[in-house]
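Below are the chains, spelled out letter by letter.
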Amino acid sequence: MSSCQGCAPRSQLPRMSKPFYLTTAIDYVNGVPHLGHAYEKIIADVIARARRSLGQPAYFLTGLDEHGQKIQQAAAAEGKTARAYCDELAGVWRAFVEKLELTNDDFVRTTESRHQQVVQSILTKLHAEGHFYQAIYEGFYSAKEETFLTEKDRRPDGSFDPAYGEVIRLKEENYYFRLKDHQQWLISYIEQNPSFIQPEHRRNDVLGFLKHDVLEDLCITRPAARLNWGIPFPVDRDYVTYVWFDALVNYISVPAAHGDAVVLKALGSQPSTLNDQPSLWPADLHILGKDILKFHAVYWPIMLKAMGLPLPKQILAHGWWQKDGQKISKSTGNVVDPLAVIGEWGLDAFRFYVVRELDIGPDGNWTDAGFRERYNSALADGLGNLLNRSLSMLRRYRNGVVPPQSNVLAPEAEKVASETRTLLEQNRLQAALLSIWSLVTRANQYVEQTAPFKLAKDPTKSAQLDEALYNLVEVCRVLAVLLWSFLPGTASKIYAQLGLKEAPDTFSAARWGGLTAGHAIGLPAALFPKRED
Ligand code: MSP
């Protein structure tokens, strides 16, 4: 057994509880990171941070989807090998993840050998067990979407959706995965597990599709002669693996690479490679956009069933962003560049806007005016102003020293903390922000009601002034804890300005009374300077 100085042998490590395992879609490496990608990764990050803050370990996976025809063609157009092209772009995406300050635990690239090996062992096993067959296909094909189309995909006027790009006729032999056999099973599973696909209307869409359409078997190869940028199909080297079969497997290939016992056992791996920590699989939450729900809610569960693996607990489909009521599109220039917005307004202003503006589920619309308005009203006039005046008054009237505890705002703070906890446990992020802001608004009203600036002028009102000041600085502290998952930088700044050394990353610290009499706060500094330009 390998050992390191000071490391406890594995068997002596404390067994942790099962981490809350959450994933995002893995982005196509050849795209430019845009608002939609940023939104999805931020909601996943908020959920991961929230779980950890609530005391549950979380494991957050994101990464890149790097194979397929589009990438092969884009690399060729730039005169590069596909590998060199992907390596270059992967750097851009990693920088993006850092810029968003995501707390992901791993970053997968589908070109990594740890991933490819798992894909190949799954294919070998499923093939040996008779889940695949070979057949000749003759019909329509969209190279852009790398998908076969049927008559059903035609629009009423006979044309195909422009999203498919050029549609050609193709005759080709390939391997197919027997999906059809599992259609009834999947319908029953979705019916018996109401929270498996969320939101509700998306679940109904999937059920409607499964009940009214016959599921076509899934073509899981492409001939290497026309597409070589993919994972070689292990049972027949004339083929590469279809990019979606490859990409979906990332959700288990990373756990497998870390020795996940549940996944490795299903793959028939040797026990020596297993670790004795709780398994990550099954995932607790797959987060993805509405456009790729079918892959996750139909193909993926059937793939897992065939592998003998349990299904993820929940698939959560978010909506799509538009800008100014129009589709976001590079070709028309209608884009929001997250990095430019972050450069101009700060990361937390961006994180706040996307989570506050769009509930997880419906589609959203970005407008620059809407962004500015939320920044000025909620962040500058709301939270920022509250912190600034609370701290400035404490410095001015009490030399920055916290007065004795007072509990006027305690019931409201505790109510909001308990609501926020419940909403975070349900991944209802927008509702949690609304609840937190009800406390911001209440605290700002409290400043007007108590008017500490007037109390300070009357020495007989000293006890009332102490009371008002305590409630204000303590409410700011509680807010920092509640906001940690959403606005981690801001929450840390609030704690620092309050003179607190620890991080506001533990939800239980939201309990009223954390600031004690005699504690000296730090210097106030504007969190979100008002922008009139
Ligand atoms: N590579 C596949 C996913 C494989 S997952 C095993 C893919 N990549 S993507 O780059 O096209 O999209 C990545 C994610 O971004 C998807 O969940 C997609 O829905 C999301 N979005 C892309 N554009 C979006 C918006 N305009 N708005 C919100 N999310 C959007 O699909």
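Everything discussed here concerns the structure shown above.
Draft legend 1. Focus on the sheet that holds strand β15 (residues 326–327). Taken in spatial order, the three strands make up an open sheet running β15-β14-β16, and their pairing is mixed. The open sheet terminates on both sides in strands that have one partner only, identified here as β15 and β16 (364–366). With three bridges joining them, strand β14 (residues 321–323) and β16 adopt parallel strand pairing. Opposite Q322, over in β16, you have N365 as the bridge partner.

Draft legend 2. Representation of the sheet that holds strand β7 (residues 167–177). Judged by pairing direction, the sheet is antiparallel, and its four strands sit side by side in the order β6-β5-β7-β9 without closing on themselves. In the strand order of this sheet, the two ends are held by β6 (147–149) and β9 (218–219), each with one partner. In terms of strand pairing, strand β5 (residues 132–142) meets β7 through 11 bridges, oriented antiparallel. Across the sheet, residue S142 finds its bridge partner in β7, namely V167.

Draft legend 3. How the structure looks around the packing of helix α5 (residues 183–192) against helix α6 (residues 200–212). The geometry of α5 relative to α6 is characterised by a closest axis approach of 10 Å and an angle of 155° between their N-to-C directions. What the angle tells us is that α5 and α6 run roughly antiparallel. Judged by the twist between their axes, the crossing of α5 over α6 is left-handed. Contact residues: Q183, L186, I187, I190 and E191 in α5; R203, V206, L207, L210 and K211 in α6. Considering only residue class, the contact of α5 with α6 consists of six nonpolar, one polar and three charged.

Draft legend 4. Looking closely at the site of the ligand. Taken together, the neighbourhood of the ligand is formed by 23 residues, with I26, E40, D65, G289 and D291 sitting nearest. Between the ligand and the protein, one listed contact pairs a nitrogen atom with a side-chain N or O atom of D65 at 2.7 Å. Between a nitrogen atom of the ligand and a main-chain N or O atom of W321, the distance comes to 2.9 Å. With the chains in place, 94% of the 660 Å² that the ligand exposes on its own is no longer accessible. When the residues that make up the shell around the ligand are grouped by side-chain class, the tally is 11 nonpolar, eight polar and four charged.

Draft legend 5. Seen up close, the pairing of strand β12 (residues 285–289). The buried fraction of β12 amounts to five of the five residues, a majority that puts the element mostly inside the structure. By the alternation rule, side chains of β12 split into L285, I287 and G289 and H286 and L288, which are all buried. By the bridge criterion, four bridges tie β12 to strand β13 (residues 315–318) in an arrangement that is parallel. Residue pairing for β13: H286 is matched across the bridge by I315. You can see the chain leave β12, run along helix α10 (residues 293–307) and come back into β13, and the turn it takes is right-handed.

Draft legend 6. Up close: the nonpolar core. If you look at the biggest cluster of nonpolar residues, it comprises 108 residues, and the most contacted ones within it are F350, V354, W366, W437 and F486. Broken down by element, the residue count for this core peaks at 14 residues, all from helix α17 (residues 462–483). Sequence-distant contacts of W366, that is, excluding residues within four places in its chain, are made with L35, W321, Q322, K323, D324, V336, V341, F350, Y353, V354 and F371. Grouped together as the second largest cluster of nonpolar side chains are 64 residues, V206, L207, Y239 and F245 included.

Draft legend 7. The arrangement of the packing of aromatic side chains in detail. Using the criterion set out here, one finds 31 aromatic pairs in the structure. Centre to centre, the rings of Y175 and F233 are 4.7 Å apart; their planes meet at 45°, and the pair counts as tilted. Note that Y175 is positioned in strand β7 and F233 in the loop between β10 (221–223) and β11 (239–241), a separation of 58 residues in sequence. We note that Y175, like F233, is buried. Look at F295 and Y299: their rings are 5.4 Å apart centre to centre, the planes differ by 80°, and that puts the pair in the edge-to-face class. Taken as a pair, F295 and Y299 lie in helix α10 at a separation of four residues, close to a single helical turn.

Draft legend 8. Quick peek at helix α2 (residues 69–77). Looking at α2, one finds that the buried residues are Q69, I71 and A75. In a view along the axis of α2, the buried residues occupy a sector of 165°, so they form one face of it. Of the exposed residues in α2, the ones pointing more than 90 degrees away from its buried face are A76 and A77. The elements touched by buried residues of α2 are β3 (58–65), α3 (82–99) and β5. Immediately beyond the C-terminal end of α2, within one or two residues, lies G79, with a positive phi of roughly 70°.

Draft legend 9. View of the pattern of salt bridges. What the rule picks out here adds up to 33 salt bridges. For E88, the salt bridge is made with K80, and the minimal N-O distance between the two is 3.2 Å. Between R226 and E172 there is a salt bridge; the shortest N-O distance is 2.7 Å. Of the two residues, R226 sits in the loop between β10 and β11 while E172 sits in strand β7, which places them 54 residues apart along the sequence. Residue R226 is classed as partly exposed on the basis of its relative accessible area of 24%. When salt bridges with common partners are traced through the structure, they connect K18, D284 and K313 into a single cluster.

Draft legend 10. Broad picture of the pairing of strand β1 (residues 20–23). Burial along β1 is two-sided: the face carrying F20 and L22 and the face carrying Y21 and T23 are both buried. Where β1 meets β3, four bridges bridge the pair, whose relative direction is parallel. Counterpart to Y21 in the pairing with β3 is Y59. By the bridge criterion, two bridges tie β1 to β12 in an arrangement that is parallel. Note on β12: the bridge partner recorded for L22 is L285.

Definitions and cut-offs
- Residues numbered from 1 in each chain as written.
- Predicted model: local features only at pLDDT ≥ 70, side-chain atom pairs only at ≥ 80, totals over all residues.
- Heavy atoms only, no water.
- Pairing = 2+ DSSP bridges.
- Helix = DSSP H or I, 4+ residues; strand = E, 2+ residues; numbered from the N terminus.
- Axes fitted to C-alpha atoms, helices over the stretch in contact; angles between N-to-C directions.
- Parallel < 35°, antiparallel > 145°, perpendicular 65-115°, else oblique.
- Left-handed = near helix turned anticlockwise from the far one by under 90°.
- Contact = heavy atoms within 4.5 Å.
- Nonpolar A, V, L, I, M, F, W, Y, C, P; charged D, E, K, R; others polar.
- Near = heavy atom within 4 Å.
- Polar contact = N/O pair within 3.5 Å; in protein donor to acceptor, adjacent residues only side chain to side chain.
- Areas by Shrake-Rupley, 256 points an atom, 1.4 Å probe, with all protein chains shown as cover.
- Buried < 20%, exposed > 50% of the residue type's maximum accessible area, 1.4 Å probe, protein only.
- Right-handed = clockwise from strand over helix to strand, strands pointing away.
- Core = buried A, V, L, I, M, F, W, Y, C linked by side-chain atoms within 4.5 Å.
- Phe/Tyr/Trp six-rings, centres within 6.5 Å; stacked < 30°, edge-to-face > 60°.
- Arc of directions from axis to C-beta.
- Salt bridge = Lys/Arg side-chain N within 4 Å of Asp/Glu carboxyl O.

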